[in-house]
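If you want the building blocks of each chain, they are given just below.
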There are 2 protein chains.
Amino acid sequence: MAAPRANMSYRDIKQVVLDRIHNKIWAPDSLLPSETDLAEEFSSTRTTVNRALRELAEEGYLERKRKAGTRVLNAPARKAQFAIPLVRDEITETGSEYRYALVERNVLPAPHWLSARMNIPQGRDVLHLRCMHYTDNAPFQYEVRWIVPDSIPEVLDADFSSVGPNDWLVQKVPFTNLELSFLATKADQTVAEFLDTQAGEPIFTAERITWLRGQPVTLAKLFFAPGYRMTTHL
Amino acid sequence: MAAPRANMSYRDIKQVVLDRIHNKIWAPDSLLPSETDLAEEFSSTRTTVNRALRELAEEGYLERKRKAGTRVLNAPARKAQFAIPLVRDEITETGSEYRYALVERNVLPAPHWLSARMNIPQGRDVLHLRCMHYTDNAPFQYEVRWIVPDSIPEVLDADFSSVGPNDWLVQKVPFTNLELSFLATKADQTVAEFLDTQAGEPIFTAERITWLRGQPVTLAKLFFAPGYRMTTHL
DNA sequence: AATGACTATTTATATAGACATAAATGCCAT
DNA sequence: ATGGCATTTATGTCTATATAAATAGTCATT
């Protein structure tokens, strides 16, 4: 058990505070001493205590409010962080070989559901791509992507036969906003064939919409091969 | 476009740096000026610049190394934060009514897969619960839970008929480690009946294992009603 | 060519003090 | 009681400065 002593770093203080929360010395919903008091107890300064408490609050252990003080949250660690890896990285990092293939490329007027979803004018031409990502030649992810060329006209001339749209976009268009959803979908015939499974199988699916300064840029539907799971530790 | 001026807060500095990254003034892989130089440019102090850059690094935009300097990451390996709310909160926060029901409670020897998964001795007695969570009386989540009583003997006497196991555990046993996975599963007959759908439907599923100081505490499988999606913005 | 010691630079963190800002609280007039 | 105002207090942030730790780069040594 970490005990207060002189010259504690903000890391030490974080650990002491966490211990006290775990041992119910500071019970859920209870109020911690003020930063000033804690600084004195730890023979530290308010700045250092502040950083420790601020980070614990960011991590979801504490709630802080001016004047009201710092409170222990009863539902601890409510935030999970997931990295959003590029498919290629996700695959190569396990030592497997990554392969990409373009399935289809079209320019066509935005369908109604897309116009509504991304808030773009009806009938505006958009780029529609379908691609596959393989790991050691086994299907890994089937990608259906829509790109609005308005904010990036050069996308229409890009060659997506060897570079995936995500790789290309990441280089060309840094996004400013992102909406990311995860859901379970049922494989239709097309998805099933590309992912080498049966129609009707449950498919872990991600939907990703990005904007650049308020302008919609791209929507991607990512269908993962059966058995995929997204995991995090904390 | 934010332009450097006097008295910039660390937030302002973050924004300016982000803008410059987006406008390729500081291209991917390139090196930023040192904190000292930036502090001078922004008529600020190194402390303030440090906080701005440190946070941008935490958010995945920059990479910082002593002596090596601060570098722009080319693949904004950005991190998505998902709240892991208590089911009850997730429901009541939308203004809907939450209802909980215990379906079944057993004490039985740990099945082999559970022993292996949670690293507990073969045949150790564990508490097995099945529960339902409803929103406005529509099925929301079907929960299958295993609790290892070793580290919390009193769990065997707990009354789970009106309090959900998660609520109970959160109050009693602060966890120290958590593994959280998301995947898509196919509804079996039981799941389908509880979630009011057809067997075979794709089900968004979460698996959650928690430990207390290295001791496994509980494993939960959470089956969400069809249509559920987990969303985050950033 | 490889290894090791040294140095300069950059980030990491701590201290001390000041002012800003939000919000809980109590007091007062109604 | 009730609404509004002033006070108080805890956190939020900035400035200024100092020291520590890591490490890229250099140069000498093997």
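Residues numbered from 1 in each chain as written. Chains lettered and ligands numbered in written order. Predicted model: local features only at pLDDT ≥ 70, side-chain atom pairs only at ≥ 80, totals over all residues. Heavy atoms only, no water.

Right, let's get into the packing of aromatic side chains. Evaluation of the coordinates by the stated rule reveals 21 aromatic pairs over all chains. Residues A:Tyr142 and A:Phe223 carry aromatic rings whose centres are separated by 5.9 Å and whose planes lie at 35° to one another, so their mutual orientation is tilted. Residue A:Tyr142 is found in strand β6 (residues 138-147), and its partner A:Phe223 is found in strand β9 (residues 215-224); the two are separated by 81 residues along the sequence. For A:Tyr142, a relative accessible area of 3% gives the class buried. Given the relative accessible area of 12%, A:Phe223 is considered buried. With a centroid separation of 5.6 Å and 70° between ring planes, the pair formed by B:Phe160 and B:Trp168 is classed as edge-to-face. Given a relative accessible area of 12%, B:Trp168 falls into the buried group. Among the aromatic residues, those joined into a ring-pair cluster are A:Phe140, A:Phe182, A:Phe204, A:Phe224, A:Tyr228, B:Phe140, B:Phe182, B:Phe204, B:Phe224 and B:Tyr228. The residue whose ring lies beneath A:Lys221 is A:Trp113, and the NZ or CZ to ring-centre distance is 4.9 Å. Above the plane of the ring of B:Tyr10 lies B:Arg51, whose end atom (NZ or CZ) is 3.9 Å from the centre. (Phe/Tyr/Trp six-rings, centres within 6.5 Å; stacked < 30°, edge-to-face > 60°. Helix = DSSP H or I, 4+ residues; strand = E, 2+ residues; numbered from the N terminus. Buried < 20%, exposed > 50% of the residue type's maximum accessible area, 1.4 Å probe, protein only. Lys NZ or Arg CZ within 6 Å of the ring centre and 35° of its normal.)

Turning next to the interface of chain A and chain B. Reports often express the size of an interface as the amount of accessible area lost when the parts come together. The interface of chain A with chain B comprises 50 residues on the first partner and 49 residues on the second. When chain A packs against chain B, close to 4,400 Å² is buried across both sides, 53% of that on carbon and sulfur atoms. Run the count over chain A and chain B and you get 4 salt bridges. Across the pair A:Glu207 and B:Arg229 runs a salt bridge whose closest N-O atoms are separated by 3.3 Å. Our count for the contact surface shared by chain A and chain B stands at 12 residue pairs in polar contact (both at pLDDT 80 or more). Within the residue set of the side of chain A that touches chain B, elements represented by two or more residues are α3 (46-58), β3 (79-83), α6 (165-172), β7 (177-186), β8 (202-212) and β10 (229-233) of chain A. For the side of chain A that touches chain B, a count of residues per class yields 22 nonpolar, 13 polar and 15 charged. Pairing between β10(A) and strand β7 (residues 177-186) of chain B: 5 bridges, direction antiparallel. Directly across from A:Thr231, in β7(B), lies its bridge partner B:Ser181. (Contact = heavy atoms within 4.5 Å. Buried area = accessible area lost by both parts, 1.4 Å probe. Salt bridge = Lys/Arg side-chain N within 4 Å of Asp/Glu carboxyl O. Polar contact = N/O pair within 3.5 Å; in protein donor to acceptor, adjacent residues only side chain to side chain. Nonpolar A, V, L, I, M, F, W, Y, C, P; charged D, E, K, R; others polar. Pairing = 2+ DSSP bridges.)

Functional significance is not addressed by these values, which are geometric in nature.
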